[in-house]
There are 2 protein chains.
Amino acid sequence: MEIRSKIAAKVRQMKKGLGKVPGLAVILVGQRRDSQTYVRNKIMACEEVGIKSLVTELPTDCAVTDVQNAIMRFNKDPSIHGILVQLPLPQHLDEEKVLDAVCLEKDVDGFHPLNMGNLAIRGREPLFTPCTPKGCIELLIRSGVEIMGKKAVVIGTSNIVGLPASLLLQRHHATVTVIHAFTQNPEQITSEADIVVSAAGVPNLVRGNWIKPGAAVIDVGTTPVEDPGCEDGYRLAGDVCYEEAVKVASIITPVPGGVGPMTVAMLLCNTLDSAKRMLNFS
Amino acid sequence: MEIRSKIAAKVRQMKKGLGKVPGLAVILVGQRRDSQTYVRNKIMACEEVGIKSLVTELPTDCAVTDVQNAIMRFNKDPSIHGILVQLPLPQHLDEEKVLDAVCLEKDVDGFHPLNMGNLAIRGREPLFTPCTPKGCIELLIRSGVEIMGKKAVVIGTSNIVGLPASLLLQRHHATVTVIHAFTQNPEQITSEADIVVSAAGVPNLVRGNWIKPGAAVIDVGTTPVEDPGCEDGYRLAGDVCYEEAVKVASIITPVPGGVGPMTVAMLLCNTLDSAKRMLNFS
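Here the residue numbering is sequential within each chain, running from 1 through the sequence in written order. All chains are assigned letters beginning with A, and all ligands numbers beginning with 1, in the order in which they are written. pLDDT decides what is reported in this predicted model: residues at 70 or higher carry local features, side-chain atom pairs at 80 or more are listed and counted, and totals for whole chains, interfaces and linings draw on all residues regardless. Think of the side-chain values as coming from all heavy atoms in the structure, minus any hydrogens and water.

UniProt positions are given in the numbering used here, feature names are shortened, and annotations may be inferred rather than shown by experiment. Regarding chain A, the relevant UniProt record gives this comment under Catalytic activity (unreviewed entry): "(6R)-5,10-methylene-5,6,7,8-tetrahydrofolate + NADP(+) = (6R)-5,10-methenyltetrahydrofolate + NADPH". A UniProt comment under Sequence similarities (unreviewed entry) is attached to chain A, and it reads "Belongs to the tetrahydrofolate dehydrogenase/cyclohydrolase family."

Written as C-alpha coordinates, this is what we have:
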(Lines give C-alpha, C1' and ligand atoms only; values in the text may rest on other atoms or scores of the structure.)
Protein backbone atom coordinates (compact mmCIF):
# COMPACT_ATOMS: atom_id res chain seq x y z
CA MET A 1 0.00 0.00 0.00
CA GLU A 2 1.24 3.40 -0.99
CA ILE A 3 0.82 5.01 2.47
CA ARG A 4 2.84 2.26 4.14
CA SER A 5 5.76 2.58 1.74
CA LYS A 6 5.84 6.33 2.33
CA ILE A 7 5.92 5.72 6.09
CA ALA A 8 8.63 3.08 5.70
CA ALA A 9 10.74 5.53 3.70
CA LYS A 10 10.39 8.21 6.35
CA VAL A 11 11.26 5.75 9.12
CA ARG A 12 14.44 4.75 7.25
CA GLN A 13 15.30 8.42 6.86
CA MET A 14 14.81 8.97 10.59
CA LYS A 15 16.96 5.95 11.44
CA LYS A 16 19.71 7.20 9.17
CA GLY A 17 19.51 10.78 10.42
CA LEU A 18 18.98 10.26 14.15
CA GLY A 19 19.76 6.60 14.75
CA LYS A 20 16.23 6.29 16.15
CA VAL A 21 12.93 4.85 14.96
CA PRO A 22 9.36 5.56 16.10
CA GLY A 23 8.13 3.29 18.89
CA LEU A 24 4.57 2.10 19.54
CA ALA A 25 3.42 0.45 22.76
CA VAL A 26 0.25 -1.64 22.75
CA ILE A 27 -1.55 -2.74 25.89
CA LEU A 28 -3.89 -5.69 25.55
CA VAL A 29 -6.05 -6.73 28.48
CA GLY A 30 -7.77 -10.10 28.40
CA GLN A 31 -8.24 -12.80 25.81
CA ARG A 32 -10.76 -11.44 23.30
CA ARG A 33 -10.05 -13.18 20.02
CA ASP A 34 -10.94 -10.17 17.89
CA SER A 35 -8.75 -7.86 20.01
CA GLN A 36 -5.87 -10.30 19.72
CA THR A 37 -6.26 -10.29 15.94
CA TYR A 38 -6.32 -6.49 15.80
CA VAL A 39 -3.21 -6.21 17.96
CA ARG A 40 -1.40 -8.80 15.86
CA ASN A 41 -2.25 -6.85 12.69
CA LYS A 42 -0.97 -3.62 14.19
CA ILE A 43 2.30 -5.20 15.32
CA MET A 44 2.85 -6.81 11.93
CA ALA A 45 2.22 -3.47 10.23
CA CYS A 46 4.76 -1.80 12.53
CA GLU A 47 7.37 -4.41 11.65
CA GLU A 48 6.67 -3.95 7.96
CA VAL A 49 7.48 -0.22 8.06
CA GLY A 50 10.30 -0.40 10.61
CA ILE A 51 8.41 1.02 13.63
CA LYS A 52 9.50 -0.58 16.87
CA SER A 53 6.62 -2.12 18.81
CA LEU A 54 6.17 -3.40 22.34
CA VAL A 55 3.15 -5.33 23.58
CA THR A 56 2.13 -5.64 27.21
CA GLU A 57 -0.47 -8.32 27.82
CA LEU A 58 -2.44 -8.25 31.05
CA PRO A 59 -4.88 -10.85 32.39
CA THR A 60 -8.64 -10.21 32.17
CA ASP A 61 -8.92 -9.90 35.95
CA CYS A 62 -6.13 -7.35 36.40
CA ALA A 63 -6.77 -4.16 38.38
CA VAL A 64 -7.11 -0.71 36.87
CA THR A 65 -3.83 0.22 38.58
CA ASP A 66 -2.06 -2.57 36.71
CA VAL A 67 -3.14 -1.05 33.40
CA GLN A 68 -2.27 2.45 34.61
CA ASN A 69 1.18 1.29 35.73
CA ALA A 70 1.85 -0.26 32.34
CA ILE A 71 0.82 3.03 30.73
CA MET A 72 2.99 5.09 33.10
CA ARG A 73 6.05 3.01 32.21
CA PHE A 74 5.50 3.74 28.52
CA ASN A 75 4.75 7.41 29.27
CA LYS A 76 8.27 7.69 30.70
CA ASP A 77 10.00 5.54 28.06
CA PRO A 78 11.69 7.91 25.58
CA SER A 79 11.86 5.19 22.92
CA ILE A 80 8.03 5.05 22.84
CA HIS A 81 6.15 7.74 20.90
CA GLY A 82 2.71 6.21 20.81
CA ILE A 83 0.67 4.29 23.39
CA LEU A 84 -2.45 2.40 22.48
CA VAL A 85 -4.81 0.58 24.82
CA GLN A 86 -6.76 -1.98 22.80
CA LEU A 87 -10.48 -1.46 23.41
CA PRO A 88 -12.91 -2.68 24.62
CA LEU A 89 -11.51 -3.29 28.09
CA PRO A 90 -13.03 -5.96 30.34
CA GLN A 91 -16.22 -4.56 31.90
CA HIS A 92 -14.82 -4.14 35.42
CA LEU A 93 -12.10 -1.72 34.28
CA ASP A 94 -12.92 2.02 34.20
CA GLU A 95 -12.12 3.08 30.63
CA GLU A 96 -11.94 6.74 31.63
CA LYS A 97 -9.28 6.11 34.27
CA VAL A 98 -7.27 4.03 31.85
CA LEU A 99 -7.41 6.35 28.84
CA ASP A 100 -6.71 9.49 30.87
CA ALA A 101 -3.44 7.92 32.04
CA VAL A 102 -2.00 8.01 28.52
CA CYS A 103 0.12 11.13 28.23
CA LEU A 104 -1.29 13.56 25.71
CA GLU A 105 1.82 13.59 23.54
CA LYS A 106 1.67 9.80 23.05
CA ASP A 107 -2.10 9.46 22.64
CA VAL A 108 -1.90 8.10 19.06
CA ASP A 109 -5.48 6.85 19.28
CA GLY A 110 -6.66 10.41 19.93
CA PHE A 111 -9.10 9.29 22.63
CA HIS A 112 -7.90 11.66 25.37
CA PRO A 113 -10.67 14.21 26.10
CA LEU A 114 -8.29 17.09 25.44
CA ASN A 115 -7.53 15.71 21.97
CA MET A 116 -11.25 15.09 21.41
CA GLY A 117 -12.10 18.62 22.60
CA ASN A 118 -9.54 20.10 20.25
CA LEU A 119 -10.96 18.01 17.40
CA ALA A 120 -14.42 19.40 18.15
CA ILE A 121 -13.47 23.06 18.62
CA ARG A 122 -13.17 25.14 15.47
CA GLY A 123 -9.80 26.81 15.01
CA ARG A 124 -7.98 24.28 17.17
CA GLU A 125 -5.97 21.22 16.18
CA PRO A 126 -5.76 18.01 18.20
CA LEU A 127 -2.32 16.42 18.54
CA PHE A 128 -3.86 13.21 17.16
CA THR A 129 -7.03 12.35 15.26
CA PRO A 130 -8.57 8.93 16.01
CA CYS A 131 -7.33 6.41 13.46
CA THR A 132 -10.56 4.90 12.14
CA PRO A 133 -12.39 8.17 11.36
CA LYS A 134 -9.15 9.57 9.92
CA GLY A 135 -8.99 6.49 7.71
CA CYS A 136 -12.62 6.99 6.61
CA ILE A 137 -11.86 10.52 5.44
CA GLU A 138 -8.70 9.31 3.73
CA LEU A 139 -10.72 6.65 1.89
CA LEU A 140 -13.27 9.25 0.76
CA ILE A 141 -10.59 11.65 -0.44
CA ARG A 142 -8.64 8.92 -2.24
CA SER A 143 -11.85 7.81 -3.95
CA GLY A 144 -12.41 11.34 -5.24
CA VAL A 145 -15.54 11.87 -3.12
CA GLU A 146 -16.28 15.52 -2.50
CA ILE A 147 -17.13 16.16 1.16
CA MET A 148 -17.68 19.92 1.37
CA GLY A 149 -21.36 20.83 1.28
CA LYS A 150 -22.45 17.19 0.94
CA LYS A 151 -24.99 15.50 3.17
CA ALA A 152 -23.28 12.94 5.39
CA VAL A 153 -24.85 10.49 7.76
CA VAL A 154 -22.91 8.84 10.56
CA ILE A 155 -24.64 5.79 12.01
CA GLY A 156 -23.55 5.17 15.59
CA THR A 157 -22.33 7.43 18.38
CA SER A 158 -19.35 5.54 19.79
CA ASN A 159 -16.48 7.56 21.20
CA ILE A 160 -14.07 5.61 19.01
CA VAL A 161 -15.73 6.06 15.63
CA GLY A 162 -19.16 7.70 15.46
CA LEU A 163 -18.37 10.82 17.47
CA PRO A 164 -14.95 11.64 15.96
CA ALA A 165 -16.18 10.72 12.45
CA SER A 166 -19.02 13.25 12.76
CA LEU A 167 -16.60 15.91 14.05
CA LEU A 168 -14.12 15.22 11.24
CA LEU A 169 -16.78 15.30 8.52
CA GLN A 170 -17.93 18.64 9.93
CA ARG A 171 -14.35 19.89 9.77
CA HIS A 172 -14.48 19.03 6.08
CA HIS A 173 -17.70 21.07 5.81
CA ALA A 174 -20.15 18.24 5.25
CA THR A 175 -23.70 18.67 6.57
CA VAL A 176 -23.68 15.90 9.13
CA THR A 177 -26.56 14.02 10.75
CA VAL A 178 -25.81 11.49 13.47
CA ILE A 179 -28.13 8.49 13.65
CA HIS A 180 -28.49 6.32 16.73
CA ALA A 181 -30.76 3.86 18.51
CA PHE A 182 -33.40 6.53 19.25
CA THR A 183 -33.53 7.89 15.70
CA GLN A 184 -36.87 7.58 13.97
CA ASN A 185 -36.84 6.46 10.33
CA PRO A 186 -33.07 6.03 10.07
CA GLU A 187 -33.51 4.47 6.63
CA GLN A 188 -35.24 7.59 5.30
CA ILE A 189 -32.56 9.93 6.70
CA THR A 190 -29.77 7.72 5.40
CA SER A 191 -31.34 7.51 1.96
CA GLU A 192 -30.85 11.26 1.52
CA ALA A 193 -27.12 11.16 2.29
CA ASP A 194 -24.31 11.49 -0.23
CA ILE A 195 -21.90 9.95 2.26
CA VAL A 196 -22.74 7.19 4.74
CA VAL A 197 -20.33 6.18 7.48
CA SER A 198 -21.79 3.26 9.40
CA ALA A 199 -20.31 2.30 12.74
CA ALA A 200 -23.22 0.78 14.58
CA GLY A 201 -21.87 -2.71 15.10
CA VAL A 202 -25.11 -4.26 13.87
CA PRO A 203 -24.59 -6.71 11.00
CA ASN A 204 -26.79 -6.08 7.95
CA LEU A 205 -28.41 -3.00 9.51
CA VAL A 206 -27.99 -0.90 6.38
CA ARG A 207 -29.89 -2.41 3.47
CA GLY A 208 -29.76 -1.48 -0.19
CA ASN A 209 -32.90 0.69 0.04
CA TRP A 210 -31.18 2.83 2.71
CA ILE A 211 -28.64 4.02 0.16
CA LYS A 212 -29.08 6.94 -2.20
CA PRO A 213 -28.01 5.97 -5.72
CA GLY A 214 -24.42 7.09 -6.21
CA ALA A 215 -23.70 7.58 -2.50
CA ALA A 216 -20.32 6.74 -0.98
CA VAL A 217 -20.64 4.10 1.73
CA ILE A 218 -17.95 3.50 4.35
CA ASP A 219 -18.69 0.43 6.43
CA VAL A 220 -16.87 0.56 9.77
CA GLY A 221 -18.88 -2.26 11.33
CA THR A 222 -16.72 -5.20 12.37
CA THR A 223 -18.86 -7.48 14.48
CA PRO A 224 -17.41 -10.90 15.18
CA VAL A 225 -19.97 -13.45 14.02
CA GLU A 226 -19.55 -17.16 14.75
CA ASP A 227 -18.70 -19.06 11.60
CA PRO A 228 -17.39 -22.60 11.97
CA GLY A 229 -16.27 -22.48 8.34
CA CYS A 230 -13.64 -19.82 9.14
CA GLU A 231 -10.14 -20.49 10.41
CA ASP A 232 -10.63 -18.75 13.78
CA GLY A 233 -14.21 -19.96 14.19
CA TYR A 234 -15.59 -16.51 13.51
CA ARG A 235 -15.69 -13.90 10.78
CA LEU A 236 -16.10 -10.13 10.87
CA ALA A 237 -19.43 -8.78 9.62
CA GLY A 238 -19.99 -5.18 8.55
CA ASP A 239 -23.07 -3.00 9.19
CA VAL A 240 -23.95 -2.82 5.53
CA CYS A 241 -25.64 -5.52 3.48
CA TYR A 242 -22.87 -5.44 0.88
CA GLU A 243 -24.55 -7.40 -1.90
CA GLU A 244 -27.52 -5.03 -1.89
CA ALA A 245 -25.64 -1.77 -1.30
CA VAL A 246 -22.95 -2.42 -3.92
CA LYS A 247 -25.65 -2.19 -6.61
CA VAL A 248 -26.68 1.31 -5.50
CA ALA A 249 -23.58 3.01 -4.10
CA SER A 250 -20.87 4.66 -6.17
CA ILE A 251 -18.19 3.40 -3.81
CA ILE A 252 -18.47 1.02 -0.89
CA THR A 253 -15.86 -0.47 1.40
CA PRO A 254 -15.93 -4.21 2.06
CA VAL A 255 -15.64 -5.87 5.48
CA PRO A 256 -13.03 -7.12 6.07
CA GLY A 257 -10.44 -5.34 3.94
CA GLY A 258 -11.92 -1.85 3.69
CA VAL A 259 -11.59 0.43 6.67
CA GLY A 260 -9.50 -2.00 8.76
CA PRO A 261 -6.22 -1.75 6.83
CA MET A 262 -6.69 2.02 6.50
CA THR A 263 -7.13 2.30 10.29
CA VAL A 264 -3.83 0.48 10.78
CA ALA A 265 -2.15 2.76 8.24
CA MET A 266 -3.42 5.83 10.13
CA LEU A 267 -2.05 4.39 13.38
CA LEU A 268 1.37 4.11 11.74
CA CYS A 269 0.98 7.70 10.49
CA ASN A 270 0.08 8.99 13.96
CA THR A 271 3.00 7.12 15.54
CA LEU A 272 5.42 8.49 12.95
CA ASP A 273 4.02 12.02 13.38
CA SER A 274 4.42 11.70 17.13
CA ALA A 275 8.03 10.58 16.82
CA LYS A 276 8.76 13.42 14.40
CA ARG A 277 7.26 15.90 16.85
CA MET A 278 9.02 14.50 19.92
CA LEU A 279 12.38 14.11 18.17
CA ASN A 280 12.05 17.39 16.31
CA PHE A 281 12.53 15.67 12.96
CA SER A 282 10.86 16.92 9.80
CA MET B 1 -37.64 34.15 37.64
CA GLU B 2 -37.98 30.85 39.43
CA ILE B 3 -34.41 29.65 38.76
CA ARG B 4 -32.95 32.85 40.17
CA SER B 5 -34.89 32.66 43.40
CA LYS B 6 -33.75 29.07 43.88
CA ILE B 7 -30.14 30.16 43.37
CA ALA B 8 -30.60 33.11 45.75
CA ALA B 9 -31.97 30.74 48.41
CA LYS B 10 -28.98 28.41 48.04
CA VAL B 11 -26.54 31.31 48.21
CA ARG B 12 -28.15 32.52 51.44
CA GLN B 13 -27.88 29.00 52.82
CA MET B 14 -24.18 28.90 51.91
CA LYS B 15 -23.56 32.28 53.48
CA LYS B 16 -25.29 31.16 56.67
CA GLY B 17 -23.54 27.77 56.77
CA LEU B 18 -20.03 28.71 55.67
CA GLY B 19 -19.89 32.48 55.89
CA LYS B 20 -18.98 32.47 52.20
CA VAL B 21 -20.74 33.23 48.94
CA PRO B 22 -19.94 32.16 45.37
CA GLY B 23 -17.69 34.56 43.48
CA LEU B 24 -17.65 35.30 39.75
CA ALA B 25 -14.86 37.18 37.96
CA VAL B 26 -15.55 38.73 34.59
CA ILE B 27 -12.85 39.97 32.25
CA LEU B 28 -13.90 42.47 29.63
CA VAL B 29 -11.43 43.56 26.97
CA GLY B 30 -12.20 46.60 24.87
CA GLN B 31 -15.20 48.84 24.40
CA ARG B 32 -17.76 46.80 22.45
CA ARG B 33 -21.17 48.18 23.35
CA ASP B 34 -22.90 44.81 23.17
CA SER B 35 -20.22 43.15 25.32
CA GLN B 36 -20.55 45.94 27.88
CA THR B 37 -24.29 45.36 28.01
CA TYR B 38 -23.87 41.61 28.44
CA VAL B 39 -21.34 42.07 31.24
CA ARG B 40 -23.59 44.61 32.98
CA ASN B 41 -26.50 42.16 32.83
CA LYS B 42 -24.39 39.37 34.30
CA ILE B 43 -23.13 41.56 37.14
CA MET B 44 -26.65 42.77 37.94
CA ALA B 45 -27.89 39.19 37.99
CA CYS B 46 -25.08 38.22 40.38
CA GLU B 47 -26.04 41.05 42.72
CA GLU B 48 -29.67 40.00 42.58
CA VAL B 49 -28.92 36.48 43.84
CA GLY B 50 -26.11 37.40 46.25
CA ILE B 51 -23.16 36.13 44.18
CA LYS B 52 -20.08 38.29 44.60
CA SER B 53 -18.75 39.63 41.30
CA LEU B 54 -15.54 41.28 40.22
CA VAL B 55 -14.96 42.88 36.83
CA THR B 56 -11.56 43.52 35.30
CA GLU B 57 -11.67 45.84 32.33
CA LEU B 58 -8.70 45.91 29.97
CA PRO B 59 -8.06 48.27 27.06
CA THR B 60 -8.62 47.07 23.48
CA ASP B 61 -4.89 47.24 22.71
CA CYS B 62 -3.75 45.19 25.72
CA ALA B 63 -1.41 42.24 25.24
CA VAL B 64 -2.41 38.60 25.55
CA THR B 65 -0.20 38.39 28.66
CA ASP B 66 -2.26 41.16 30.29
CA VAL B 67 -5.40 39.07 29.90
CA GLN B 68 -3.60 35.94 31.03
CA ASN B 69 -2.27 37.73 34.11
CA ALA B 70 -5.75 38.89 35.03
CA ILE B 71 -6.96 35.30 34.66
CA MET B 72 -4.07 33.93 36.74
CA ARG B 73 -4.89 36.29 39.58
CA PHE B 74 -8.47 35.02 39.64
CA ASN B 75 -7.28 31.41 39.28
CA LYS B 76 -5.42 31.86 42.58
CA ASP B 77 -8.12 33.86 44.36
CA PRO B 78 -10.01 31.45 46.68
CA SER B 79 -13.02 33.79 46.84
CA ILE B 80 -13.56 33.35 43.07
CA HIS B 81 -15.30 30.19 41.85
CA GLY B 82 -16.01 31.15 38.28
CA ILE B 83 -14.00 33.07 35.68
CA LEU B 84 -15.54 34.34 32.50
CA VAL B 85 -13.79 36.09 29.64
CA GLN B 86 -16.37 38.03 27.66
CA LEU B 87 -16.11 37.07 23.99
CA PRO B 88 -15.41 38.07 21.29
CA LEU B 89 -11.93 39.33 22.10
CA PRO B 90 -10.30 42.01 19.98
CA GLN B 91 -8.93 40.39 16.79
CA HIS B 92 -5.25 40.66 17.75
CA LEU B 93 -5.69 38.51 20.88
CA ASP B 94 -5.31 34.73 20.58
CA GLU B 95 -8.57 33.33 21.99
CA GLU B 96 -7.01 29.88 22.50
CA LYS B 97 -4.19 31.26 24.65
CA VAL B 98 -6.65 33.27 26.70
CA LEU B 99 -9.28 30.58 27.28
CA ASP B 100 -6.71 27.88 28.09
CA ALA B 101 -5.43 30.05 30.95
CA VAL B 102 -8.71 29.71 32.85
CA CYS B 103 -8.28 26.92 35.36
CA LEU B 104 -10.56 24.00 34.65
CA GLU B 105 -12.33 24.15 38.01
CA LYS B 106 -13.38 27.77 37.43
CA ASP B 107 -14.28 27.50 33.73
CA VAL B 108 -17.97 28.39 34.24
CA ASP B 109 -18.36 29.12 30.52
CA GLY B 110 -17.32 25.52 29.74
CA PHE B 111 -15.13 26.62 26.84
CA HIS B 112 -11.95 24.84 27.97
CA PRO B 113 -11.16 22.03 25.47
CA LEU B 114 -11.12 19.46 28.27
CA ASN B 115 -14.63 20.47 29.31
CA MET B 116 -15.71 20.45 25.66
CA GLY B 117 -14.11 17.02 25.12
CA ASN B 118 -15.90 15.64 28.15
CA LEU B 119 -19.17 17.11 26.87
CA ALA B 120 -18.63 15.32 23.55
CA ILE B 121 -17.51 11.95 24.90
CA ARG B 122 -20.26 9.54 25.91
CA GLY B 123 -20.08 8.35 29.50
CA ARG B 124 -18.12 11.39 30.66
CA GLU B 125 -19.31 14.55 32.37
CA PRO B 126 -17.80 17.99 31.88
CA LEU B 127 -17.29 20.11 34.99
CA PHE B 128 -19.30 22.84 33.24
CA THR B 129 -21.67 22.96 30.28
CA PRO B 130 -21.62 26.17 28.21
CA CYS B 131 -24.36 28.49 29.46
CA THR B 132 -26.25 29.33 26.27
CA PRO B 133 -26.75 25.74 25.01
CA LYS B 134 -27.57 24.66 28.56
CA GLY B 135 -30.20 27.42 28.63
CA CYS B 136 -31.62 26.24 25.29
CA ILE B 137 -32.16 22.73 26.64
CA GLU B 138 -33.65 24.17 29.82
CA LEU B 139 -36.09 26.22 27.74
CA LEU B 140 -37.11 23.16 25.73
CA ILE B 141 -37.62 21.03 28.84
CA ARG B 142 -39.57 23.76 30.64
CA SER B 143 -41.79 24.16 27.58
CA GLY B 144 -42.57 20.45 27.66
CA VAL B 145 -40.79 19.73 24.38
CA GLU B 146 -39.71 16.12 24.05
CA ILE B 147 -36.13 15.86 22.80
CA MET B 148 -35.42 12.13 22.72
CA GLY B 149 -35.82 10.67 19.24
CA LYS B 150 -36.81 14.02 17.74
CA LYS B 151 -35.16 15.60 14.71
CA ALA B 152 -33.16 18.65 15.76
CA VAL B 153 -31.37 21.13 13.56
CA VAL B 154 -28.65 23.41 14.87
CA ILE B 155 -27.89 26.33 12.58
CA GLY B 156 -24.34 27.58 13.08
CA THR B 157 -21.12 25.92 14.20
CA SER B 158 -19.69 28.39 16.68
CA ASN B 159 -17.65 27.03 19.58
CA ILE B 160 -19.81 29.03 21.98
CA VAL B 161 -23.26 27.88 20.87
CA GLY B 162 -23.58 25.74 17.75
CA LEU B 163 -21.05 23.06 18.66
CA PRO B 164 -22.01 22.57 22.32
CA ALA B 165 -25.73 22.82 21.47
CA SER B 166 -25.39 19.96 18.99
CA LEU B 167 -23.43 17.89 21.53
CA LEU B 168 -26.01 18.55 24.25
CA LEU B 169 -28.98 17.71 22.02
CA GLN B 170 -27.23 14.46 21.14
CA ARG B 171 -26.76 13.73 24.84
CA HIS B 172 -30.55 14.08 25.09
CA HIS B 173 -30.88 11.56 22.24
CA ALA B 174 -32.14 13.90 19.55
CA THR B 175 -31.19 13.12 15.95
CA VAL B 176 -29.09 16.17 15.24
CA THR B 177 -28.11 17.80 11.95
CA VAL B 178 -25.74 20.76 11.98
CA ILE B 179 -26.28 23.37 9.29
CA HIS B 180 -23.62 25.86 8.23
CA ALA B 181 -22.51 28.14 5.44
CA PHE B 182 -21.68 25.23 3.10
CA THR B 183 -24.99 23.41 3.62
CA GLN B 184 -27.11 23.01 0.52
CA ASN B 185 -30.86 23.63 0.92
CA PRO B 186 -30.74 24.59 4.60
CA GLU B 187 -34.40 25.58 4.43
CA GLN B 188 -35.43 22.10 3.31
CA ILE B 189 -33.41 20.39 6.06
CA THR B 190 -34.68 22.81 8.69
CA SER B 191 -38.28 22.34 7.60
CA GLU B 192 -38.09 18.66 8.63
CA ALA B 193 -36.92 19.42 12.17
CA ASP B 194 -39.03 19.18 15.32
CA ILE B 195 -36.53 21.37 17.14
CA VAL B 196 -34.60 24.28 15.62
CA VAL B 197 -31.78 25.99 17.47
CA SER B 198 -30.51 28.88 15.40
CA ALA B 199 -27.20 30.50 16.28
CA ALA B 200 -25.95 31.78 12.97
CA GLY B 201 -25.82 35.47 13.78
CA VAL B 202 -27.61 36.35 10.55
CA PRO B 203 -30.74 38.46 11.14
CA ASN B 204 -33.90 37.11 9.48
CA LEU B 205 -32.09 34.05 8.07
CA VAL B 206 -34.81 31.66 9.18
CA ARG B 207 -38.11 32.46 7.51
CA GLY B 208 -41.56 31.10 8.25
CA ASN B 209 -41.37 28.54 5.43
CA TRP B 210 -38.22 27.04 7.03
CA ILE B 211 -40.27 25.91 10.02
CA LYS B 212 -42.19 22.66 10.30
CA PRO B 213 -45.68 23.31 11.70
CA GLY B 214 -45.57 22.71 15.43
CA ALA B 215 -41.77 22.81 15.71
CA ALA B 216 -39.98 24.34 18.71
CA VAL B 217 -37.77 27.24 17.68
CA ILE B 218 -34.98 28.56 19.88
CA ASP B 219 -33.48 31.73 18.48
CA VAL B 220 -29.98 32.32 19.83
CA GLY B 221 -29.09 34.98 17.27
CA THR B 222 -28.26 38.33 18.86
CA THR B 223 -26.78 40.51 16.20
CA PRO B 224 -26.44 44.19 17.08
CA VAL B 225 -28.24 46.15 14.38
CA GLU B 226 -28.04 49.94 14.20
CA ASP B 227 -31.31 51.52 15.22
CA PRO B 228 -31.35 55.24 16.01
CA GLY B 229 -34.77 54.80 17.62
CA CYS B 230 -33.26 52.70 20.43
CA GLU B 231 -31.70 54.03 23.60
CA ASP B 232 -28.20 52.68 22.91
CA GLY B 233 -28.41 53.40 19.19
CA TYR B 234 -28.70 49.73 18.37
CA ARG B 235 -31.01 46.81 18.96
CA LEU B 236 -30.40 43.05 19.04
CA ALA B 237 -31.81 41.06 16.12
CA GLY B 238 -32.39 37.31 16.18
CA ASP B 239 -31.78 34.82 13.34
CA VAL B 240 -35.46 34.03 13.01
CA CYS B 241 -38.08 36.15 11.29
CA TYR B 242 -40.29 36.14 14.36
CA GLU B 243 -43.50 37.45 12.82
CA GLU B 244 -43.48 34.68 10.21
CA ALA B 245 -42.21 31.85 12.41
CA VAL B 246 -44.56 32.54 15.32
CA LYS B 247 -47.49 31.57 13.06
CA VAL B 248 -46.00 28.13 12.36
CA ALA B 249 -44.01 27.10 15.43
CA SER B 250 -45.49 25.61 18.59
CA ILE B 251 -43.06 27.57 20.76
CA ILE B 252 -40.56 30.23 19.77
CA THR B 253 -38.21 32.38 21.83
CA PRO B 254 -38.15 36.11 21.17
CA VAL B 255 -35.01 38.25 20.78
CA PRO B 256 -34.31 39.94 23.11
CA GLY B 257 -35.85 38.29 26.16
CA GLY B 258 -35.74 34.62 25.21
CA VAL B 259 -32.42 32.84 25.41
CA GLY B 260 -30.47 35.79 26.87
CA PRO B 261 -31.96 35.78 30.39
CA MET B 262 -31.77 31.98 30.47
CA THR B 263 -28.05 32.14 29.55
CA VAL B 264 -27.47 34.47 32.48
CA ALA B 265 -29.43 32.16 34.78
CA MET B 266 -27.25 29.20 33.67
CA LEU B 267 -24.11 31.25 34.39
CA LEU B 268 -25.37 31.83 37.94
CA CYS B 269 -26.10 28.08 38.19
CA ASN B 270 -22.61 27.14 37.00
CA THR B 271 -21.01 29.61 39.41
CA LEU B 272 -23.06 28.29 42.31
CA ASP B 273 -22.26 24.68 41.35
CA SER B 274 -18.58 25.54 41.18
CA ALA B 275 -18.64 27.14 44.63
CA LYS B 276 -20.50 24.14 46.04
CA ARG B 277 -17.89 21.81 44.55
CA MET B 278 -14.89 23.85 45.68
CA LEU B 279 -16.27 24.49 49.16
CA ASN B 280 -17.64 20.97 49.52
CA PHE B 281 -21.12 22.29 50.22
CA SER B 282 -24.23 20.41 49.15
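Here we come to the UniProt feature "domain: Tetrahydrofolate dehydrogenase/cyclohydrolase NAD(P)-binding" (unreviewed entry) in chain A. The UniProt feature table records "domain: Tetrahydrofolate dehydrogenase/cyclohydrolase NAD(P)-binding" (unreviewed entry) at residues 130-277 of chain A. What you have in residues 130-277 of chain A is 34% helix and 19% strand, and the ends, taken at the C-alpha atoms, are 17 Å apart. A helix here means a DSSP run of H or I that spans at least four residues, while a strand means a run of E at least two residues long, and both kinds are numbered starting from the N terminus.

Bringing the UniProt feature "domain: Tetrahydrofolate dehydrogenase/cyclohydrolase catalytic" (unreviewed entry) in chain A into the picture now. Under the present numbering, the feature "domain: Tetrahydrofolate dehydrogenase/cyclohydrolase catalytic" (unreviewed entry) in UniProt falls on residues 2-109 of chain A. Here residues 2-109 of chain A is 48% helix and 17% strand, with 22 Å between the C-alpha atoms at its ends.

This part takes up the domain arrangement of chain A. Residues and elements named next belong to chain A. As annotated, the domain borders come from an automatic or database domain assignment. Assigned domains of chain A: these are domain 1 (14-105) and domain 2 (131-258). Placing the centre of domain 1 and that of domain 2 at their C-alpha centroids yields a distance of 27 Å. Whether two residues are in contact is decided by their heavy atoms: any pair within 4.5 Å suffices. With five residues of domain 1 at the contact, the number on the domain 2 side is six residues. As used here, buried area is the combined drop in accessible area, with a 1.4 Å probe, of two parts when they are placed together. Each partner contributes to the roughly 480 Å² buried at the junction of domain 1 and domain 2, and carbon and sulfur atoms together form 48% of this total.

Take the relation of the copies chain B and chain A next. Note on the copies: chain B fits chain A at an RMSD of 0.0 Å, the axial shift is 0.0 Å, and the rotation between them is 180 degrees. Such a combination of turn and shift is consistent with a two-fold rotation axis. Across chain B, the rotation axis passes nearest the C-alpha of Gly117 of chain B, at a separation of 1.8 Å. Comparing contact sets, 100% of the residues at the interface of chain B also lie at the interface in chain A, consistent with an isologous, same-surface contact. Each copy is superposed on the other by least squares, with the fit set by C-alpha atoms of residues at a pLDDT of at least 70 in both.

Residue and element names in this part refer to chain A. By the element assignment, Arg207 lies in the loop between β6 (195-198) and β7 (216-219). Exposure classes here rest on a 1.4 Å probe applied to the protein chains alone. A residue is buried below 20% of its type maximum, exposed above 50%, and partly exposed in between. Look at Arg207 and you get partly exposed, because its relative accessible area is 37%. With 38 residues separating them in the primary sequence, Arg207 and Ala245 have C-alpha atoms 6.4 Å apart. Excluding residues that lie within four positions of it along the chain, Arg207 makes contacts with Cys241 and Glu244. Any pair of N or O atoms that falls within 3.5 Å is considered a polar contact. Within protein, one atom must be able to donate a hydrogen and the other to accept it, and sequence-neighbouring residues count only if both atoms are side-chain atoms. In terms of polar contacts, Arg207 uses its side chain to reach the side chain of Glu244, at 2.5 Å.

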